[in-house]
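A structural walkthrough
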Amino acid sequence: MLTDDKSIEIFVMADELCKIFNAMLCRRGLDALLKKKKRD
């Protein structure tokens with residue numbers, strides 16, 4: 001069973017991963033692909 005603290009820790013880790021992943025996409029010029037996909 002997950003405690004509230006453990007659940008929050010998992011979400012924080014996932015959020016940090018998303019931030020790093022988005023930064024990598026922007027550096028490689030792939031952020032335009034994501035923006036286009038969101039509009040569809």
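Attention here is on the structure that accompanies the text. (Residues numbered from 1 in each chain as written. Predicted model: local features only at pLDDT ≥ 70, side-chain atom pairs only at ≥ 80, totals over all residues. Heavy atoms only, no water.)

A word on the overall build of the protein. Looking only at helices and strands, the protein features 2 helices and 0 strands. The proportion of buried residues among the 40 residues of the protein is 2%. Element-wise, carbon and sulfur atoms account for 64% of the exposed surface of the protein, whose accessible area totals about 4,100 Å². (Helix = DSSP H or I, 4+ residues; strand = E, 2+ residues; numbered from the N terminus. Buried < 20%, exposed > 50% of the residue type's maximum accessible area, 1.4 Å probe, protein only. Areas by Shrake-Rupley, 256 points an atom, 1.4 Å probe, with all protein chains shown as cover.)

Let's shift gears to the pattern of salt bridges. For the coordinates displayed, the defined rule picks out 3 salt bridges. Taking the shortest distance from any N to any O, the salt bridge between K6 and E9 comes out at 3.7 Å. Pair noted here: K6 and E9 are both in helix 1 (residues 4-27), with a separation of 3 residues, about one helical turn. A salt bridge links K19 to E16; the nearest nitrogen and oxygen atoms lie 3.8 Å apart. With K19 and E16 both in helix 1 and 3 residues apart, this pair spans about one turn of that helix. (Salt bridge = Lys/Arg side-chain N within 4 Å of Asp/Glu carboxyl O.)

Counted at 1.5 Å a residue, the expected span for helix 1 with its 24 residues is 34 Å, and the 35 Å between its end C-alpha atoms agrees. One or two positions beyond helix 1, positive phi appears at G29, with a value near 80 degrees. (Expected span 1.5 Å × (residues − 1).)

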